[in-house]
Structure formats: structure tokens, C-alpha cells
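Descriptive analysis of the structure
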2 protein chains.
Amino acid sequence: MKKNILVAQSGGPTAVINSSLAGVIRGGIENSDSVGEIFGAVNGIEGVENDTLVSLERFKDPFELSLLRQTPSSYLGSCRRKLPDLAEDEETYSRIMSVLKKHNIGYFFYIGGNDSMDTADKLSRYAAELNKDIRIVGIPKTIDNDLAVTDHTPGYGSAAKFVANTLRQLTLDTGVYKMKSVIILEIMGRNAGWLTAAAALANDSELSAADIICLPEVAFDPDRLLAEVERVSKAQKTVMLAVSEGIKDRHGNYIAENSLAAQGRDDKFAHAALGGVGKCVESMISDSLGLKTRTIELSTLQRCWAIGASLRDENEAFEAGRHGVKFAVRDGLTCIMPSFKRLSDDPYRMEIVPIDVNLTANHEKKVPANMISENGFGVTEDFIRYTAPLIEGEPTVSYQNGIVRFAQLK
Amino acid sequence: MKKNILVAQSGGPTAVINSSLAGVIRGGIENSDSVGEIFGAVNGIEGVENDTLVSLERFKDPFELSLLRQTPSSYLGSCRRKLPDLAEDEETYSRIMSVLKKHNIGYFFYIGGNDSMDTADKLSRYAAELNKDIRIVGIPKTIDNDLAVTDHTPGYGSAAKFVANTLRQLTLDTGVYKMKSVIILEIMGRNAGWLTAAAALANDSELSAADIICLPEVAFDPDRLLAEVERVSKAQKTVMLAVSEGIKDRHGNYIAENSLAAQGRDDKFAHAALGGVGKCVESMISDSLGLKTRTIELSTLQRCWAIGASLRDENEAFEAGRHGVKFAVRDGLTCIMPSFKRLSDDPYRMEIVPIDVNLTANHEKKVPANMISENGFGVTEDFIRYTAPLIEGEPTVSYQNGIVRFAQLK
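A few points on the structure. As the structure is a computational prediction, the values presented were derived from the model and not from experiment.

Reading the values: rules and limits
Residues numbered from 1 in each chain as written. Chains lettered and ligands numbered in written order. Predicted model: local features only at pLDDT ≥ 70, side-chain atom pairs only at ≥ 80, totals over all residues. Heavy atoms only, no water. Pairing = 2+ DSSP bridges. Helix = DSSP H or I, 4+ residues; strand = E, 2+ residues; numbered from the N terminus. Axes fitted to C-alpha atoms, helices over the stretch in contact; angles between N-to-C directions. Contact = heavy atoms within 4.5 Å. Salt bridge = Lys/Arg side-chain N within 4 Å of Asp/Glu carboxyl O. Buried < 20%, exposed > 50% of the residue type's maximum accessible area, 1.4 Å probe, protein only. Buried area = accessible area lost by both parts, 1.4 Å probe. Polar contact = N/O pair within 3.5 Å; in protein donor to acceptor, adjacent residues only side chain to side chain. Nonpolar A, V, L, I, M, F, W, Y, C, P; charged D, E, K, R; others polar. Phe/Tyr/Trp six-rings, centres within 6.5 Å; stacked < 30°, edge-to-face > 60°. Lys NZ or Arg CZ within 6 Å of the ring centre and 35° of its normal. Left-handed = near helix turned anticlockwise from the far one by under 90°.

Here's the deal with the sheet that holds strand S8 (residues 238-244) of chain B
Residues and elements named next belong to chain B. Spatially, 4 strands are ordered S7-S8-S6-S9 in an open sheet, and the strand pairing comes out parallel. Taken across any chain shown, the strands that pair with only one partner, and hence form the sheet edges, are strand S7 (212-214) and strand S9 (292-297). This sheet shows a mean twist of 20° between the axes of neighbouring strands, independent of strand direction. Pairing between strand S6 (residues 181-187) and S9: 6 bridges, direction parallel. Residue pairing for S9: isoleucine 183 is matched across the bridge by arginine 294. On top of the sheet, helix H8 (residues 222-235) reaches S6, S7 and S8; it is set at about 160° to S7, its chief contact.

As C-alpha cells, this is what we get:
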């Protein structure tokens, strides 16, 4: 008897998370001898708990599927919910299982980051213990690129490319006036600096678009930064500074929070400055060096900008979803995640292999020392070799009268 | 005897100001029977005063010219200098004329906004009085679209498209969680709301991406805004608010400045909050309505983002430059600006005609009443009919390993 597919999305959006969703749908189509209908749960695991499922059958149409692939952000909505421990709350687990049974779900795919892998892990172990005939697969996703084991994570390449090409364009903009200035670009990534480090991709032999990079992996020292800014600004008109939102001092305290404490603001106003590490660094520089400064927060644009994304990223996100279905349906695997294994950098070659989802759940992969330059304000060739292939190619984007078209949940 | 061309750029950058530069170069090539070499002045009129000229001959190569067309921001650099009145400082004028003479310049093209048209106006009248054999043409440019007489201004279409497609993508991003929230997008345009109004282009039958629009043309009333946000947030999960940096209260005071005054900050810190109208509006909404809010400043991205720009805008910018050369060289005109005259909206047809540059210098064109909705928080069909054709088509962008390629001043 055929079993149905259920798929859901969780955590922060990316430019290509829907490409993984499209890959799961394509996988379902390719395995139609074993797969019946394809459903999506709205707002992640909460949608399963609440039985708010939608049919994804319309995406069996190739044009609709291609539109879904180019649509950034989570088509099915998202949630931030982490499943409770089984020992504490078995009821949640049994409710989920009853919804899955009600809809004859044989395969559940959960697209997300660390927390989502934790959910996939917990659920599949529960199902296995009860001998439930359901296979559960986590599909990796995050702009932070902080999932363990897998060489890299779908979503990272497109965000990295957005950061790099944004810096290139901002550098041209900033350079038009004669005045010396410092631009501070605040980039997402609270604990891992992969996305901030991608600023380095903006540099080439003709353009210095990322002069100084501050990663959360390197203890932030204001005096050393000021000295470095001063050094660079003596040699060139414009200093471009890429700063992770998660930089910390040598005691491990976030810089943005330090600054708030230092200013003695109370909680009521604290929210206005949260995520404001760029402004903190800006104040240090303008107060100490008297240079013209401007902070630009990329904010949520860096996780949802799909125009000029990475074609390789989009394709790999798709393949992660498609391989997830293959691993579950054809190979009968459960409690796994399709993981990327790099075979070579140049030419770039990669294969997708199943790994135990528990190996990635609740781990964080940080930028290793060999990828960070000696002075701590840049990256090494190792980093460039690793990241450069991930931003290659540009997906086709479909427009209508100049407005980009998207697939939308009705 | 052949005369040389000199071209310069001024004011804030746009995504297509270099397309106008490319158009001037193409015009020079097309009129090579009368035109000798093509020079650029670095940093606008200051580059003429200081005799810092560069050769643009390398752009006679078609590939180099195409790269220049896709390069955002001002290739030749910019300045904010306004020429002094002749009566006060004739020396500046005579210095400029001697540099022009030294390089055998017969045609000077100045690409810019209101102030640049003022410069073109003053210089050409001075040259005419002295019977100098030089023809001076202003080429229109500004994302603000606030130049008088011309139907619209090169640079506006691409910035408008960036604003609209940014809103569409942000709306998808914001909609993924279940929580109600308000996104405030702060958009450039200190006195004219054309660019902020373009947020409305993001809306279609499927997606409400710009729910409330606050233009500088409409006196800002906090109570009315709060009531409108509350009304919309009752009907839908996400409220998208597009706010011009230049909104003013009914007394004509800028809202951002009011807020600073209210907080009693001194000048030392005032700079940190300038342009912070988004944060002001955010505070009003979160304090009064208790909704989750997030402000996103598009900052300089809106004037330099070239990926997925408007092909029509790029082409028209090019034609403005090319027609400028034709008007000067073939038709013997001086003290003019190529102006856009719209012949029809649908199908869109436009012709380029020379007008006295004095007609646009120092005027500001604002969004007229017939384009603003009755409640003041949106636009009318007249606005959509006017703006929609300006964002059509997407230029080809040349990438190398995922990094967008640009022409750069060596």
C-alpha cells in the first residue's frame, strides 16, 4: 500500500529553503510507486501537532514547482518550537503520531537547522521504539552554515553571495566622494562567523571590498580594531568593515550587550538597540578616530534575498530534499540527514550521503582556526577555497512586469 | 577641427548613472566626425576645476562599455559642490574655462540632479556671454525622481524596483511565523515621496506587501498612523509599513528631528540617530500598540543595487546620455537637458526632447495629489499607471565565479 509524504519547514528562512521543499516534492513524484499524496504542515512541527496540513499536489505541475524553487523564505511557514523531552511530555509525541497515522504518512521530512534536527532525531527514535512504520528525515538548512558533519549547509551559499555582492556594490557607492569614510556592515551569525567571513569573497585584484572582518570566533579587542582601522584608512579612502552580530569580548560577553550595560539603559529601551553591534563599533570608531562612519544592517534581507542567489546552492538544496526522499523511500532509512561530502574543491565535486541525524542535532560548527588570518581580521586561502564554489551560478528568476514572482500559500 | 568631449558625474549615485556615462561615450563614437577624444573629470565639477581628467578611450571597446553600463554608482566619482554665483567668484568660472580650453573640450556633459543642472546652467550662460565655443548639457539623474519638466528621471526606475522587490521578499520572510508583527521600511527621499510610493508596486492580487505608505507630501499624524496600523493588524498577521525618511508633521518639522529634540539629546549624539525616522515610528507603534516591530533601513543599498535593476531605466539612462551628445554635436544646442516626454502609458512610449536646463535647475517635483490615496496612506491608480512601466525588464549582469563584475577607475 502506498504511504503519503509529509514535509514541514522550521527555523529562520533562507533564499533556498523552498528549493529543498521542491526537491522533496520531486522525490515524491519520482517514487510514485511507493508514495501517494504529498502534504505540507503549516508552521513546522506545530502544524503537525495541530493537524494543520495542506496539500502540495499543485506543485506536481512543473511551472508551479519552478516558481516554488525561486521563492525565498518558508512557503509552509515556520516555528521556533523545540520538542520537549519524551520523559517529560509523551503526550506531544503521541499526538504527533496520531496525526501522522490519520493522514497515512509513511515519510516525514523536516527542513531546518540544529533545533529541527533535534526534533527529527527525537521523533524518529520515538517512532522506532514503538515500531511505527514511519521514516523520518531531517533536511539541512541554515544561512549560518553551522551544522556539524555536513561539508556545508543549503542556504549558506546564497546568503554568502548576497553579503559579498552587497559589499561590492556598497564599496562602489562609498568610494564616490573624496572624503575618507568607514562603512560598518552588520551581518547575521550569533555564534558562527561563516556568513560574516563570506564578505571576503567580495575582494578581487581590482576591488578591496572587505578590508576588515570581525568574527565571533575571535575575541573582540576594541584597541586592536581601532589600530587596524587607522592603519587601513591611512592607505585608502574607504574602509569596509564586516562585523558579525555575535562578536564577543575576551570574557565571552556580547559586545552589543556590553555597550547597552555601559550606557546604563533600562529594559524598556534595550530592545531598540538589540542587534546593534554595528552601531557600537561605529561609535568606537567615530569617537576615537573622528572618521566619517555609516552602519548598514543587512537585517533579514540577507536570509530572504533571492535575486542573484547562488544557483549551486539552489540546486544543492533541491538535491538535499530529493535525496532525503530517496534515502527514506528506496533505501528504507530513518533518523538520518542527507549530508554533503566534498570530494574536491577545484573542480568542485560533492556527493550526498545519509548520516545519523543525531550527529548534527545540537552541535554548532564554527569557522576553524586555519580559515582565519593570523591577525584575526580576515580569512585565509583555505576559507576562500572552501566557500568560493558555493556561490557559483545564478538561478533564473521569473518576473511579471518587473515584479519578481513567487509561489504563495493560499 | 574636431573637439573633445568632457563628461562628469555629480550628486548621489544611482544604479544606472554609469549607463548615462556609457551613452555619452557611445554618442561620442557615433559622432566621431566631429568628436575627438573622450575625457572624464574625476569627482564632478571639482575634477574640472582641479584638472583631474582621465581618458575614457578604453570604453570604445564594446565589452568594456557593456561592463560600464552594468556598474552601479558613479564610475568617475562625485561631489556635492554647487558653483558660486558668477558675481561673487568669477575666478572659478575662468579656471574651469581654461581647463576646458587646455584639453580642447568642445562639449561638456554633466550627469546629475538639481544641483548639477544648476551648474550646467550657470556654466553654459557664462560660456555663452564670453562667446566660448563650448556646448554644455545636463544629463538628468536621481533616484528621487524630483526633477521638474522631465516625465521621470533615470535612476528612479531601478531604485523603485529595488524597493518593491525588497518589500516582496521581506513580506515573505516576515510572514513565516504565527506572531503578529509590523515591519517598518525606511526609504530615501527627503522632500519628494516618489521612491517611498514605489513600495505600492510590490502589491498584487496575491500578496499585500505594502500596507501603509507614509510620504513627505502628507503631513504626518501619529494618532492617525496608529489607528491605521491597528486596523490593518486586526485583518492580517503582518503589517508592512513603507516610510519616507522625510516625513514631517503639520508644522513642517521632520519627525526624526522632533524625536531627537524630544529626547533632549545634544549635537554630539544627534548624528547617530539622523535618518532614524524608521526607529521613531517603530517606537510609537511598539509603545502604543504593543506589537512586535522591526525597522529595516534600506540605506545606500537602494541607490547602488544593480542586480535585477530595471532594464528600461538602464536603457533610458543610456539614451539620455546618447541624445545629449546628439543635441550638442549635431544640433548645436547648449544649456539644455535631454528631457523625457511620455507619449502613452500602455503601451509605454516616450521621446527625448531638449529643454532649457534652467527649467529644471533648483526645482523639486513632488508626488501630486491625484497620485496619493484619499486617506494619505497609499497611492492611486494614477501613480501605478505612471510608475509601473519604469521598472520593466531586467538587464543582463555579468558575473565571474558568482561575483558581479564592474568597471573600475584605475
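Here the narrative resumes.
Considering the pattern of salt bridges
Here the structure, examined in full by the defined rule, presents 52 salt bridges over all chains. Here glutamate 64 of chain A makes a salt bridge to arginine 58 of chain A, at a shortest N to O gap of 2.7 Å. Here arginine 168 of chain B ties to aspartate 204 of chain B by a salt bridge, and the two come within 3.0 Å at their closest N and O atoms. Here aspartate 204 of chain B lies in the loop between helix H7 (194-197) and S7 and arginine 168 of chain B lies in helix H6 (residues 156-174), a separation of 36 residues in the sequence. A relative accessible area of 2% places arginine 168 of chain B in the buried class. One continuous salt-bridge network, built from bridges that share partners, spans Glu49, Arg81, Glu91 and Arg95 of chain A.

Observations concerning the pairing of strand S4 (residues 105-112) of chain B
All names here are of chain B. In terms of burial, S4 is a largely internal element, 8 of the 8 residues being buried. Inspection of the sheet shows strand S1 (residues 3-9) paired to S4 by 6 bridges, in the parallel sense. The residue of S4 that forms the bridge with glutamine 9 is isoleucine 111. As judged from the 6 bridges shared by S4 and strand S5 (residues 135-140), these two strands associate in the parallel manner.

With respect to the interface of chain B and chain A
The partner chain A presents 58 residues to the 58 residues of chain B that form the contact. A combined buried area of about 5,200 Å² lies between chain B and chain A, and 54% of that area is made up of carbon and sulfur atoms. There are 4 salt bridges connecting chain B and chain A. Residues arginine 303 of chain A and aspartate 173 of chain B are paired through a salt bridge, measuring 2.7 Å at the closest nitrogen-oxygen approach. Summed over the shared surface of chain B and chain A, the number is 24 residue pairs in polar contact (both at pLDDT 80 or more). Sorting elements by how many residues they give to the side of chain B that touches chain A places H6 of chain B first, with 10 residues. A class-by-class count of the residues in the side of chain B that touches chain A yields 24 nonpolar, 20 polar and 14 charged.

A few points about the packing of aromatic side chains
By the definition in use, this model includes 15 aromatic pairs over all chains. Here tryptophan 305 of chain A and tryptophan 305 of chain B contribute two aromatic rings whose centre-to-centre distance is 5.2 Å and whose plane-to-plane angle is 70°, an arrangement assigned as edge-to-face. Taken together, the positions of tryptophan 305 of chain A in the loop between helix H12 (301-304) and helix H13 (311-330) and tryptophan 305 of chain B in the loop between helix H12 (301-304) and helix H13 (311-329) put the pair across two chains. According to the relative accessible area criterion, tryptophan 305 of chain A is buried, its value standing at 4%. Through pairs of rings, three or more aromatic residues link up here, namely Phe162 and Trp305 of chain A together with Phe162 and Trp305 of chain B. Directly above the aromatic system of phenylalanine 318 of chain A lies the positively charged group of arginine 69 of chain A, at a separation of 3.9 Å from the ring centroid.

Regarding unusual backbone geometry
In this structure, proline 347 of chain A follows aspartate 346 of chain A across a cis peptide bond, with omega equal to 5°. By the secondary structure assignment, proline 347 of chain A is in the loop between strand S10 (336-345) and strand S11 (348-356). Although it is not a glycine, asparagine 43 of chain B sits at a positive phi angle of roughly 65°. Mapped onto the fold, asparagine 43 of chain B is located in the loop between strand S2 (35-41) and helix H2 (44-49).

Comments concerning the packing of helix H8 (residues 222-235) of chain A against helix H11 (residues 277-289) of chain A
All names here are of chain A. Running from N to C, H8 and H11 point in directions that differ by 65°, and their axes come no closer than 11 Å. Considering how the two elements wind past one another, H8 and H11 form a crossing that is right-handed. In contact with Pro222, Leu225, Leu226, Val229 and Glu230 of H8, H11 contributes Val281, Met284, Ile285, Ser288 and Leu289. Here the contact of H8 with H11 is composed, by residue class, of 8 nonpolar, 1 polar and 1 charged.

Coordinates in, geometry out; function isn't part of it.
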